[in-house]
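Notes for the structure review
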Amino acid sequence: MEKITIKQITTELIDIPIKRPHQFSAVKVSSKSFLLLRIELSNGYTGIGEGTTPGIFWNGESVETMKVVIDNYMAPLIIGEDAVKLESLLQTLNRQVRGNHFAKATIEMALFDGLGKTYDVPVHQLLGGLCRDRLNVRWALASGTPEGDINEAKEAVQSGKYDVFKIKSGKESARKDAERSLLIAGGIKGYSTIGIDPNGSWDRLTAMSWMDAFFEARIDFLEQPLAPYDIEGLAKLTAMKKVPVMADESVATIHDAIRLAKEQAVHIFSLKIHKAGGLKNTIKVAGIAEAAGISCFGGTSLESSIGTAACLHAYGSIPNLDYGCELFGPDWLADEIVRDPVVCKEGQIYVPDKPGLGIELDEQKVQLYARKEKVGGVH
Ligand SMILES: [Mg+2]
């Protein structure tokens, strides 16, 4: 078979408006930024990948840093190389460029898309095949007020759109966050349940003191209550056996995963393909979880349909994805840059089944949302 090499890699910044402002623990955003990456292969196929982060507060990378690092350091290392030797290419990137997992994942995503198109199979088939063809989606309530969140959740349940929820916290003090969470859980009692995600902003003592109340309120899980480095604190909360404790910021790489497993620090790993450095690494992290009896949750960096499709191919192939996913990015965005957005109905999101990621760009929309001037930061 003729060798398939990487001919060219191009990147561009895209800003897509969102339906309503979203309150994270650190910032409020009204549009979402993406890095659109294309890898042209010598056989004529082009793979697309999408880089995006929850925000630079999350792990230190941004779409702008990804563009600089990929254009100047990563692309030159792999152009001309054998595109089929994907793992070996990733090892090259890891040896030459420390960290920058989101950027690496963006390249890997485009390679998988290009290879899937080459072999005429969906990416999930390159990953070992599906355990499920659709995933249950958890919607994040972030309207800004408890009443708004309660109404939004009730409406979503009544209309059949979503049936489980997560609330972001961390904007206020830990105590106020906990009180607000319980208010919302109480307000939707009989309709649905919530998980709580303070994005690492709580302290040990406050988190511990609320565990009984969370148990009483049947909170689904407490995600990353403590700072990413406080593994010992997470282990103490987990040992209380009140509500399932989930790691998100604390578990990015396979090395984080083995440490958390050894220290019995959490019940659940939130997976994210970008933080792990790609689809393959995400599946490796899930494998460590599987061996340790830890459940997985399909996390999101708020991707568009491109990145969401990549997540779906990976998550769909993971056996221990016991907690469903939160791949609501496409529903959260006001528009898309693809012709065929991923399908989400009645709280279920479907794994695409066309070759590669199964997503086709709408070049007019790409042009429309391409960043025209140099603006950085939060919009
Ligand atoms: Mg999280």
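Residues numbered from 1 in each chain as written. Predicted model: local features only at pLDDT ≥ 70, side-chain atom pairs only at ≥ 80, totals over all residues. Heavy atoms only, no water.

What follows deals with the domain arrangement of the chain. Domain assignment breaks the chain into domain 1 (6–124 + 362–369) and domain 2 (129–350). Summed over the shared surface of domain 1 and domain 2, the result is four salt bridges. Counting the contacts that link domain 1 with domain 2 gives 19 residue pairs in polar contact (both at pLDDT 80 or more). Contributing elements (two or more residues each) for the side of domain 1 that touches domain 2: β1 (6–23), β2 (28–41), β3 (46–51), α3 (86–96), α4 (101–119), α5 (123–126) and α16 (363–369). Considering every element that reaches the side of domain 1 that touches domain 2, the biggest residue donor is β1, with nine residues. (Domains from an automatic or database assignment. Salt bridge = Lys/Arg side-chain N within 4 Å of Asp/Glu carboxyl O. Polar contact = N/O pair within 3.5 Å; in protein donor to acceptor, adjacent residues only side chain to side chain. Helix = DSSP H or I, 4+ residues; strand = E, 2+ residues; numbered from the N terminus.)

With that settled, consider the coordination of the magnesium ion. Summarising the metal site, the magnesium ion is bound by the protein donors D197 (OD), E223 (OE) and D248 (OD), whose distances to it range over 2.1 to 2.4 Å. For the magnesium ion, the donor residues sit on a single chain with the sequence spacing D-x25-E-x24-D. Of the two residues, D197 sits in strand β7 (residues 194–197) while E223 sits in strand β8 (residues 222–223), which places them 26 residues apart along the sequence. According to the relative accessible area criterion, D197 is buried, its value standing at 0%. Since its relative accessible area comes to 0%, E223 is described here as buried. (Donors = N, O, S within 2.8 Å, 3.2 Å for Na, K, Ca; no water. Buried < 20%, exposed > 50% of the residue type's maximum accessible area, 1.4 Å probe, protein only.)

Moving on to the pairing of β7. One face of the sheet, then the other: side chains in a regular strand alternate in exactly this way. Alternating positions in β7 separate into two faces, I194 and I196 on one and G195 and D197 on the other, with burial throughout. For strand β6 (residues 164–168) and β7, the ladder comprises four bridges, and the chain directions are parallel. Bridge assignment links F165 to a residue of β7, and that residue is I194. You can see the chain leave β6, run along helix α7 (residues 174–187) and come back into β7, and the turn it takes is right-handed. (Pairing = 2+ DSSP bridges. Right-handed = clockwise from strand over helix to strand, strands pointing away.)

Grouped together as the largest cluster of nonpolar side chains are 114 residues, with contacts concentrated most on F214, F269, I306 and Y315. Counting residues per element, this core draws most heavily on α4, at eight residues. Structurally, this core is a two-domain feature, drawing no fewer than three residues from each of domain 1 (6–124 + 362–369) and domain 2 (129–350). If we skip the residues at most four places from it in the chain, F269 touches M246, A247, V251, A257, L260, V285, A289, I294, S295, C296 and F297. (Core = buried A, V, L, I, M, F, W, Y, C linked by side-chain atoms within 4.5 Å. Contact = heavy atoms within 4.5 Å.)

This part is about the state of the cysteines. Between two cysteines, a covalent bond joining their sulfur atoms is known as a disulfide. Scanning the entire structure with this criterion turns up zero disulfides. Distance from the sulfur of C131, which forms no disulfide, to the nearest cysteine sulfur (C296) is 11 Å. On the accessibility criterion, C131 (46% relative accessible area) is partly exposed. Overall, C296 belongs to the buried group, its relative accessible area being 0%. (Disulfide = S-S within 2.5 Å.)

Counting across every chain of the model gives six aromatic pairs. On the basis of an interplanar angle of 65° and a centroid distance of 6.3 Å, the ring pair of W58 and F102 is categorised as edge-to-face. One end of the pair, W58, is in helix α1 (residues 56–59); the other, F102, is in helix α4, with 44 residues separating them in the sequence. A residue is classified by how much of its surface remains accessible, and F102, at 1% relative accessible area, is buried. Arranged with centres 5.5 Å apart and planes meeting at 50°, the rings of F221 and F297 form a pair that is tilted. Separated by 76 residues along the polypeptide, F221 in the loop between α9 (211–216) and β8 and F297 in strand β11 (residues 295–298) bring together distant segments of the chain. With a relative accessible area of 0%, F297 lands in the buried category. Against the face of Y350 rests K345, its NZ or CZ located 5.5 Å from the ring centre. (Phe/Tyr/Trp six-rings, centres within 6.5 Å; stacked < 30°, edge-to-face > 60°. Lys NZ or Arg CZ within 6 Å of the ring centre and 35° of its normal.)

Considering the arrangement of structural elements, one finds D335 in the loop between α15 (329–332) and β12 (344–345). Engagement of the side chain of D335 in a polar contact is seen with the side chain of K365, the distance being 3.1 Å. At 2.7 Å, the side chain of D335 forms a polar contact with the side chain of Y369. Residues in contact with D335, not counting those within four places in the same chain, are I16, P17, K365 and Y369.

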